[in-house]
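# Architecture at a glance
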Number of protein chains: 2
Amino acid sequence: MLKELLGKPRMSETARSSKGGKSVTLREVSEAAGLGMSTVSRVIRNHGSFSAETRMRVMEVVERLGYVPNRLAGALASSGSNLVGIVIPSLHNIVFPDLLSGVAAALDPVGYQSVIGVTDYDLAREEALIQSMLAWRPAAFLIVGLEHTDRTRSMLAASGIRTAELFDTDGEGIDIVVGFSQREAGAVSARHLLAKGYRSIGYVGPDFGTDPRSAKRYNGFRAVLSENGLDFVDQELLAGTSSTEAGRAALERLLARGWKLDAVYFSNDDFAMGGLFHCIASGIEVPSQLAIMGYNGLDIGRFAPQPLTTVLTPRAEVGEIGARLILDGSPSTVVETAFKLVEGATT
Amino acid sequence: MLKELLGKPRMSETARSSKGGKSVTLREVSEAAGLGMSTVSRVIRNHGSFSAETRMRVMEVVERLGYVPNRLAGALASSGSNLVGIVIPSLHNIVFPDLLSGVAAALDPVGYQSVIGVTDYDLAREEALIQSMLAWRPAAFLIVGLEHTDRTRSMLAASGIRTAELFDTDGEGIDIVVGFSQREAGAVSARHLLAKGYRSIGYVGPDFGTDPRSAKRYNGFRAVLSENGLDFVDQELLAGTSSTEAGRAALERLLARGWKLDAVYFSNDDFAMGGLFHCIASGIEVPSQLAIMGYNGLDIGRFAPQPLTTVLTPRAEVGEIGARLILDGSPSTVVETAFKLVEGATT
DNA sequence: TACCAAGTTGGCAGCGCTGCCAAATACGGC
DNA sequence: GCCGTATTTGGCAGCGCTGCCAACTTGGTA
C-alpha cells in the first residue's frame, strides 16, 4: 500500500570490517582461569557449589575475554532450552501486542526468550510454524485459540512440550487453557443492546472463516437475539485486516442498503471506530439515530470524544497468566478470566 | 490497569497425559531406513546428492516415526542458526508491529525465525537483550535506531553477526542502516505548518530521554522554526506510552496554560488523535481555531472524520529491506527510504 | 578389458556444553 | 592426630547433528 510512495532506495556503500572469527569457548575460559571446565560452568550458571574466590577468578576472566556462553551447546547437552514459542494470528490487532506484553512480563524476569510466529489466521501456517519451532525444542508453547489442525494437535502432544491456548474457553483444550468464553462476550453485548431498547441490529465483522473467536462472539450474540425472537437485520462480512478504514466503509455500505437499523454490533473496536467516524462525518447522531458497540476496549475508543461502548478484555493478563502457569509446571487446567462491558456514549 | 476488573481466576483441574519422552533422532531414522546417518541427513536437508529411491525411503520413515530434526544440534554442528534477533523499543506503537510484518515477509519464505525482544526504550535493557540473544548465535540482528550503549556496540562488533539498524539515518551506523532522517521528517512538518501560515506552534511528545527519534524530529522541527525567527511557544513532554488518552490530556493542559496557539505538532498520531478528540469534544474548531499535525500515518488518522495531517512512514518496507539486505550478505551500507507528508483536514 | 568421471553412500570426529561421578580438600569433634 | 562429613573441584562421556573424506557403484570410453 505504501510501496508506491517510496522512491528507489538510495544506497551508499561503505567498507565493513571483516566478519568476526571464532568466539571464546568455555574451555578457553577454564584454561585462562586455571580451573576445570565443570567448575567454570558451575560458576557461570550459578548452579552447584564453588568458593567465593573461584567465582571472582572466573568472572574476571569471563569479562576479560568477553566470553558469551553458547546456549545451542548448553541446550543440547542439557536437553532444555529457554525459548518459548509464541504463535499468534496477527500483529495488527492490538490484542496481540498486548498479549505479548503480558507474556514478556512473565518471561523476562526468569530469562526466557520469545520466538514469535504470525499465522495471519491460517491454521495451516500455524501448523508449519509450530513444526519448525519444534526443531528448537522450546520450553513451552503459547498459542491462540482452540482451533488447530489435527496434525498441530498431535505434534504438540507427541512433543511433550507444555502448551497454553489463550483467549478462548469455548471448546476442548490440549493442555492449559487461559481466556474467557467468546460466546458469552457476544451474548453480553447482545443483552446490553437489547436492554437499551435496540431491536434492529446489524453486524460488521470479519468473514467467518477467518477468525473463530469472532465467529463465536457472533454466535453468542445471535443466540441471545434468537431467544428474544430477533435476528441480525443485516450484516457486512469483511475479508482482510481489521481497520478503521474497513469498518467505516462497511457501515456506509450497510446503511446504504436501506434497512432501518437502530444499532450495529462491530466485531472489534477498529471496525467500530471506523463506524463511529462514518457517523460523525455524515451527521448521523450517535446513539439516537444509530447506536454503535465494539469489542476489545481499545484506548482510542475509550478516549474518543464520544467514548465507545465496548467489552474490555484482559489481554495482557491472559498472556501473563498463561506464561506463568506453563513455566510453573502447573497441571493441565482451564483458567477463566473476566471481561467487562464498558458502557460509553455510543449506545 | 485492568487488574482490578479481573475476578480471581477460576481454575478447574484436569488430568494430563504424561510428559513426552525422548524424541526420535537421526540415528533412529537411519537405522529404520537401513541407511547411513549422513545420507539421511542429506535427504532431510535436501543438500548434497542421493538417489530418488533413497529420498523416498527416508521420507517414508521420517513420516512414520514423526521425526523432527533437532536444530540445536544442527546449528551447533554447523555453527549457524536460522534465528534472527529482533530488538524493538515497544509493541504499543503500531510502527513496530508494522516493522515486524515487513521483516516477516522477508524472513518467512527463507525459513528464518524471529526471536523478539522489547526494550521499553531502555538502552540498558537493549544491551541485556542483545547479550542474551547472542548466546543463540543468531544469523543476524535487526535493531532500532542508532543510539546504543558502547557495550552493545562492541558486543555486536565482536560477535561478527550482521546487524541492521532501522528507522534512523541521522548518525553513525554499525553495519547496515535502513531508514530516513528523523530530523528531516520534523523539518518537513515545520515547513508545512509555516507554509500554511501558522506561527504560534506548540509541541506534544514524549520526554526527550525516552525516544531519540522523537527528539530528532523535535530538533529538526525547531531548527526550521528558528530559521524563521520562531520557536515553540509552549510544549508538553510526556512520560510513558504514547496513547490517545495521554495526547488528549496533554493538549488540554497545554491550552489551559493560556498561550494563544494556532497549531500543535504532536510527535505521533496516537497523541495527535487524542488532541483531535479533545478539540472535537470541547468544540474547538480544527483547523480554523487550532491546527493539528501528527506523525506516522496511522490508518485511524487517515480515516477519521477529519483526516489527520501527518507524515506517512514506510514501516514495513524498512523492516523488509533491512532483513533482506542482511540475509543477502550485502556489504555495509546506508539505505535511505522515502517518507511522505500527507495533508489531511487538520491543518 | 582396463580405466576414469560422476553419482552415491557410510564412517567418524567434532561443535561447546552439561551431568555424573570420583577425587581432592577442608572442617570439626573426639 | 585421626576419621567422618561437607564442600570444592576435575574428568569425561555424551547431547544430535554436520562436514569431511574415503569407499563404493555405475556407465561410458579408450
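Residues numbered from 1 in each chain as written. Chains lettered and ligands numbered in written order. Predicted model: local features only at pLDDT ≥ 70, side-chain atom pairs only at ≥ 80, totals over all residues. Heavy atoms only, no water.

A separate point is the overall build of chain A. Helix and strand counts for chain A stand at 13 helices and 13 strands. Against the 2.2 N^0.38 benchmark of 20 Å for 347 residues, chain A shows a C-alpha radius of gyration of 26 Å, more extended than a compact globule. Evaluated residue by residue, chain A yields a buried proportion of 53% over its 347 residues. Put simply, of all contacts in chain A between residues at least 6 apart along the chain, 67% involve residues at least 24 apart. Entry remark: accessible area of chain A is about 14200 Å², with carbon and sulfur atoms responsible for 52%. Chain A carries 34 positive and 39 negative side-chain charges, and their two centres are separated by 6 Å. (Helix = DSSP H or I, 4+ residues; strand = E, 2+ residues; numbered from the N terminus. Rg over C-alpha atoms; globule rule 2.2 N^0.38 Å. Buried < 20%, exposed > 50% of the residue type's maximum accessible area, 1.4 Å probe, protein only. Contact = heavy atoms within 4.5 Å. Areas by Shrake-Rupley, 256 points an atom, 1.4 Å probe, with all protein chains shown as cover. Lys, Arg positive; Asp, Glu negative; His and termini not counted. Charge placed at Lys NZ, Arg CZ, Asp CG, Glu CD.)

Sheet strands associate in pairs through backbone hydrogen bonding, adopting either a parallel or an antiparallel arrangement. Residue and element names in this part refer to chain A. One open sheet accounts for four strands, arranged β8-β7-β9-β10; its pairing is parallel. Here the strands that pair on one side only, and so sit at the sheet edges, are β8 (234-238) and β10 (291-293). Strand-to-strand twist in this sheet, taken as the mean axis angle between neighbours without regard to direction, amounts to 15°. As paired elements, strand β7 (residues 201-206) and β8 share five bridges and run parallel to each other. Following the sheet pairing, G202 is matched in β8 by D234. In the packing of helix α9 (residues 212-227) onto the sheet, contacts are made with β7, β8 and β9 (263-266), and the angle to β7 comes to roughly 165°. The strands that helix α10 (residues 244-256) touches are β7, β8 and β9; relative to β8, the one it contacts most, it runs at about 150°. (Pairing = 2+ DSSP bridges. Axes fitted to C-alpha atoms, helices over the stretch in contact; angles between N-to-C directions.)

In this section: the relation of the copies chain B and chain A. If you rotate chain B by 180° and push it 0.0 Å along the axis, it lands on chain A with an RMSD of 0.1 Å. On this basis, the relationship between the two copies can be described by a two-fold rotation axis. Closest to the rotation axis within chain B is the C-alpha of V115(B), separated from it by 2.2 Å. (Least-squares fit on C-alpha atoms with pLDDT ≥ 70 in both.)

Before going further, it helps to spend a moment on the sheet that holds strand β10 (residues 291-293) of chain B. Residues and elements named next belong to chain B. One open sheet holds the four strands; their spatial order is β8-β7-β9-β10, and the pairing between them is parallel. Both edges of this open sheet fall to β8 (234-238) and β10, since each of them pairs with a single strand only. If you compare each strand with its neighbour and ignore which way they point, the axes differ by 15° on average. Here strand β9 (residues 263-266) pairs with β10 via three bridges, running parallel. Its bridge partner lying in β10, A263 is registered against A291. Contacts from helix α9 (residues 212-227) reach β7 (201-206), β8 and β9, with the element oriented near 165° to β7.

A separate point is the interface of chain B and chain A. Facing the 84 residues of chain B at the interface are 84 residues of chain A. Of the roughly 7500 Å² buried at the junction of chain B and chain A (both faces included), carbon and sulfur atoms supply 61%. There are two salt bridges connecting chain B and chain A. At the boundary of chain B with chain A, the tally comes to 25 residue pairs in polar contact (both at pLDDT 80 or more). Ranked by residues supplied to the side of chain B that touches chain A, first place goes to helix α6 (residues 123-134) of chain B with six residues. In terms of residue class, the side of chain B that touches chain A is made up of 43 nonpolar, 21 polar and 20 charged. Here strand β3 (residues 113-118) of chain A runs beside strand β3 (residues 113-118) of chain B; their pairing, made up of three bridges, is antiparallel. Paired with I116(A) across the two strands is S114(B), which belongs to β3(B). (Buried area = accessible area lost by both parts, 1.4 Å probe. Salt bridge = Lys/Arg side-chain N within 4 Å of Asp/Glu carboxyl O. Polar contact = N/O pair within 3.5 Å; in protein donor to acceptor, adjacent residues only side chain to side chain. Nonpolar A, V, L, I, M, F, W, Y, C, P; charged D, E, K, R; others polar.)

To continue, consider the pairing of strand β12 (residues 333-336) of chain B. Residues and elements named next belong to chain B. Burial of β12 is one-sided: the residues T333 and V335 facing one way are buried, the residues V334 and E336 facing the other way are not. Looking at chain direction, strand β6 (residues 176-179) and β12 are connected through four bridges and run parallel. Looking across to β12, one finds that V178 is bridged to V335.

This brings us to empty space enclosed by the protein. Across all of its chains, the model carries one cavity of 30 Å³ or more by this definition. Size it by volume and the largest cavity reaches roughly 30 Å³. Lining the largest cavity, in full, are Q113(A), L83(B), V84(B), G85(B), V115(B), M133(B), W136(B) and P138(B). For the lining of the largest cavity, the leading source of residues is strand β2 (residues 83-88) of chain B, giving three residues. Within the lining of the largest cavity, the residues separate by chemical class into six nonpolar, two polar and no charged. (1 Å grid on protein atoms, 1.4 Å probe; cavity = no way out; pocket = protein on both sides within 12 Å on 5 of 7 lines; lining within 4 Å. Points joined across faces, edges and corners; volume = space filled by probe spheres on them.)

Taken together, 26 residues lie near DNA strand C, and L26(A), S41(A), Y67(A), G36(B) and T54(B) sit nearest. Considering DNA strand C, the proportion of its atoms within 4 Å of the protein that are sugar or phosphate atoms stands at 60%. Within the contact set of DNA strand C, a phosphate oxygen lies 2.4 Å away from a backbone nitrogen or oxygen of L26(A). In the environment of DNA strand C, a phosphate oxygen lies 2.8 Å from a nitrogen or oxygen atom belonging to the side chain of R45(A). Counting residues per element, the ones that place at least two in the surface near DNA strand C are α2 (37-45) and α4 (71-78) of chain A together with α2 (37-45) and α4 (71-78) of chain B. Grouping the constituent residues of the surface near DNA strand C by class yields 10 nonpolar, 13 polar and three charged. (Near = heavy atom within 4 Å.)

Taken as a whole and judged by the stated rule, the model has 19 aromatic pairs over all chains. Here F180(A) and F339(A) contribute two aromatic rings whose centre-to-centre distance is 5.3 Å and whose plane-to-plane angle is 50°, an arrangement assigned as tilted. Of this pair, F180(A) sits in the loop between β6 (176-179) and α8 (182-195) while F339(A) is found in the loop between β12 (333-336) and β13 (340-342), placing the two residues 159 residues apart along the sequence. Each member of the pair, F180(A) as well as F339(A), is classed as buried. Measuring from centroid to centroid gives 5.3 Å for Y203(B) and F232(B), while their planes differ by 40°, and the two rings are tilted. Of this pair, Y203(B) sits in strand β7 while F232(B) sits in the loop between α9 and β8; the two residues are 29 residues apart in sequence, bridging distant segments of the chain. For the pair formed by Y203(B) and F232(B), the shared burial category is buried. The lysine or arginine in question, R217(A), covers the ring of Y295(A), its NZ or CZ lying 3.7 Å from the ring centre. (Phe/Tyr/Trp six-rings, centres within 6.5 Å; stacked < 30°, edge-to-face > 60°. Lys NZ or Arg CZ within 6 Å of the ring centre and 35° of its normal.)

By nearness alone, 25 residues border DNA strand D, and G36(A), T54(A), L26(B), S41(B) and Y67(B) come closest of all. A breakdown of the atoms of DNA strand D within 4 Å of the protein gives sugar and phosphate a share of 62%. Interatomic distance of 2.5 Å between a backbone N/O atom of G36(A) and a phosphate oxygen of DNA strand D. Between R42(A) and DNA strand D, the recorded distance is 2.7 Å, taken from a side-chain N or O atom to a base oxygen. Tallied by class, the residues present in the surface near DNA strand D amount to 10 nonpolar, 13 polar and two charged.

Bringing the nonpolar core into the picture now. One recurring pattern in soluble globular proteins: nonpolar side chains tend to sit buried together. By size, the foremost hydrophobic cluster in this structure holds 93 residues, and its most contacted members are I88(A), F167(A), I201(A), I88(B), F167(B) and I201(B). When sequence neighbours within four positions are dropped, the list of residues in contact with I201(B) reads L193(B), L194(B), F221(B), L225(B), D231(B), F232(B), V233(B), D234(B), L261(B), D262(B), A263(B) and Y265(B). Residues V204(A), L261(B), L276(B) and L290(B) belong to the second largest nonpolar core, which totals 43 residues. (Core = buried A, V, L, I, M, F, W, Y, C linked by side-chain atoms within 4.5 Å.)

All names here are of chain B. Their axes nearest at 7 Å, the elements helix α5 (residues 95-107) and helix α13 (residues 315-327) cross at an angle of 40°. Of the two elements, α5 crosses α13, and the hand of that crossing is right-handed. Contact residues: V95, D98, L99, G102, V103, A105, A106 and L107 in α5; R315, A316, V318, G319, E320, A323, R324 and L327 in α13. Of the residues assigned to the contact of α5 with α13, the class counts are 10 nonpolar, two polar and four charged. (Left-handed = near helix turned anticlockwise from the far one by under 90°.)

What follows is about the pairing of β6(A). Residues and elements named next belong to chain A. Of the two faces of β6, the one carrying I176 and V178 and the one carrying V177 and G179 are both buried. Pairing of strand β5 (residues 162-166) with β6, which is carried by three bridges, proceeds in the parallel orientation. For A164, the partnering residue across the bridge sits in β6 and is I176.

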